[in-house]
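# What the coordinates show
Residues per chain are reported as follows:
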There are 2 protein chains.
Amino acid sequence: MTVELAPLLPPPAQKPVTSAIAVYCGSCIGTQSAFSAAAVSLGRALAGADRTLVYGGGSNGIMGVVSGEVLINGGKVIGVLPRSMVAGGGEGEKNDSPKIFLDEILVDSMHERKIEMATRVDGFIGLPGGFGTFEEVLEVTTWTQLGIHDKPVALLNVLSFWEPLRALVKGSINAGFIKPQHEQLIIFVDGPEDHSEHENFDWGKAALEAL
Amino acid sequence: MTVELAPLLPPPAQKPVTSAIAVYCGSCIGTQSAFSAAAVSLGRALAGADRTLVYGGGSNGIMGVVSGEVLINGGKVIGVLPRSMVAGGGEGEKNDSPKIFLDEILVDSMHERKIEMATRVDGFIGLPGGFGTFEEVLEVTTWTQLGIHDKPVALLNVLSFWEPLRALVKGSINAGFIKPQHEQLIIFVDGPEDHSEHENFDWGKAALEAL
Ligand SMILES: [Mg+2]
C-alpha cells in the first residue's frame, strides 16, 4: 500500500523540526480539572525537554493550556493554521494569550494542516478531546499502519478517558480487522491506578518516556 | 466554523447521485460470520431500495461482500479510486469479481477520494472495520459537527462491535469535549439483544430505516 498512497504525504517543503511533537486535544477546557492539569504537565515537559510543540494554533480550551504552558516555560510553539481561518479572525482567540513566541505556518486547507503537522514532528500525543481529536489520532495511526510514516502515537489516559478506544482496538483485533502486531501503534499512557492521583501525576514526563 | 472550513469541501464537479450511500468497512473478512452476513444484508437492502453504493472500490473482505451483493441484486455501485492505485494494479483485486456494473471515479489522492465519496452521498453507514474505518467514520462525523455537511452516520453494531465507540463518545460528553446535542451525530443500529440472532438479522433494512 505504501507506494500507492504516497501522494497523500508529499515531501515537506522544509526539513522536519528536530524533536518536535504534535499534540491533539480538545478546544474546550473539560469538566474535570485533571484534564487541564495534564495539559499543564505536558506543556512543561515539552519545554523542559526542548521539544517543539506543533499544534493547530488555537488558544482555547486544553489546546490553549498546553501551548501557553510551553511558552511560559521558555519552549517553542509552532501553530499550523489554514489561511482562511486567519483571514476570518482566527478561532475566537483571546487577545491576551501569550503568543509572542508563536511561529505561525499558514496552509491552504484543513487537510494540508494535518499533513504539515504530521511531517514536521517525530511523534504524536493525544489528550482528551472530541470527535475532531478522535479523528486526528486515528488518521495518523492509519498512516503508520499503511507505512506512510513511522511515528509513535501516545494517548494520555487521564481519568481513563481513552479506555473505550483501547477496547475498540482490542475488539477489532479479535474480530480480525486489525492485525495483532498493530495493537502497539497506539501507546496508552495510563498513569496511577487511583484516579484521585491523576490531577497531580506528571503526564508530560510519562508521555515523553513512552514515545 | 462553517465558513472558515469551507475550503475542505469544494462544490462537487457533478451533482450528488440521488439517494446514494457511502459504506465504510474492513478490507478483511473478519473472524465472525455475522460480520459478512451483515454485509450481505446491507448490499441486498441497498439494491432493493435502489440506493447507490459509493465506496472505495475494493473487492476484498467485507468491502467486497457489500459491493458484490449490491451488484448481484441489480443495484448500482460507484467505486472511487485514486489514479495511482489503479495504475499500480488496484488493491489486490480478484479477477473474477462481479464488477461489470461498477462505475469508477478516479481521483488524485486518498483525501480527494474521501471528499468525492462524501459529496456524492446522502448518508454514511459503517460496518465493523479497523483503524481506517474508525478514521473515516469519525471524519465525516466531524464534518457534520463543524457544519460542513449535514448527513447522517449509522454504525451497524454487529456483535456489539461499535459499543466502545459509543462509550468513548458518552465519556467525551461527560468530560465536556463533545456537546450533548452532538451525541446523535452517530446513530448506533443495535440489532437484537441476543447476539446469536445477529447472523440472521436484517441489518440492511434496519440501517436504511435509521438514516
Ligand atoms: Mg481524516
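Anyway, here's the lowdown on the structure attached to this text.

About the cut-offs
- Residues numbered from 1 in each chain as written.
- Chains lettered and ligands numbered in written order.
- Predicted model: local features only at pLDDT ≥ 70, side-chain atom pairs only at ≥ 80, totals over all residues.
- Heavy atoms only, no water.
- Helix = DSSP H or I, 4+ residues; strand = E, 2+ residues; numbered from the N terminus.
- Buried < 20%, exposed > 50% of the residue type's maximum accessible area, 1.4 Å probe, protein only.
- Contact = heavy atoms within 4.5 Å.
- Areas by Shrake-Rupley, 256 points an atom, 1.4 Å probe, with all protein chains shown as cover.
- Core = buried A, V, L, I, M, F, W, Y, C linked by side-chain atoms within 4.5 Å.
- Donors = N, O, S within 2.8 Å, 3.2 Å for Na, K, Ca; no water.
- Buried area = accessible area lost by both parts, 1.4 Å probe.
- Salt bridge = Lys/Arg side-chain N within 4 Å of Asp/Glu carboxyl O.
- Polar contact = N/O pair within 3.5 Å; in protein donor to acceptor, adjacent residues only side chain to side chain.
- Nonpolar A, V, L, I, M, F, W, Y, C, P; charged D, E, K, R; others polar.

We now examine the overall build of chain A. Assigned secondary structure in chain A consists of eight helices and seven strands. Looking at the 211 residues of chain A, the share that counts as buried comes to 58%. Once local pairs closer than 6 in sequence are excluded, the contacts in chain A between residues at least 24 apart make up 78%. Roughly 8700 Å² of accessible area belongs to chain A as shown, and the carbon and sulfur atoms make up 51% of that amount.

One finds Leu127 and Leu165 of chain A together with Leu127 and Leu165 of chain B to be the most contacted residues of the largest nonpolar core, which totals 131 residues. If we ignore the near neighbours within four places in the chain, the residues touching Leu127 of chain B are Val23, Tyr24, Cys25, Ala38, Ala39, Leu42, Ile62, Val66, Thr133, Leu156 and Trp162 of chain B.

The next subject is the coordination of the magnesium ion. Protein coordination at the magnesium ion comes from Glu135 of chain A (OE), Glu139 of chain A (OE), Glu135 of chain B (OE) and Glu139 of chain B (OE), with a distance range of 1.8 to 2.4 Å. Here Glu139 of chain A is found in helix H6 (residues 131-145), whereas its partner Glu135 of chain B is found in helix H6 (residues 131-145) on a different chain. With a relative accessible area of 3%, Glu135 of chain B lands in the buried category.

Attention now moves to the interface of chain B and chain A. It is common to report an interface's size as the accessible area lost on association of the parts. Chain B puts 49 residues into the contact, and the matching count from chain A is 50 residues. Summing both sides of the interface, chain B and chain A together bury roughly 3900 Å²; the carbon and sulfur share of this comes to 76%. The salt bridge partner of Lys114 of chain A is Glu139 of chain B, with a shortest N-O separation of 3.1 Å. Counting every contact that joins chain B to chain A gives 11 residue pairs in polar contact (both at pLDDT 80 or more). Among the secondary structure elements, those contributing two or more residues to the side of chain B that touches chain A are helix H1 (2-5), helix H4 (83-87), helix H5 (110-120), H6 and helix H7 (163-175) of chain B. The class makeup of the residues in the side of chain B that touches chain A is 26 nonpolar, 17 polar and six charged.

Any functional reading would require information beyond the geometric quantities listed.
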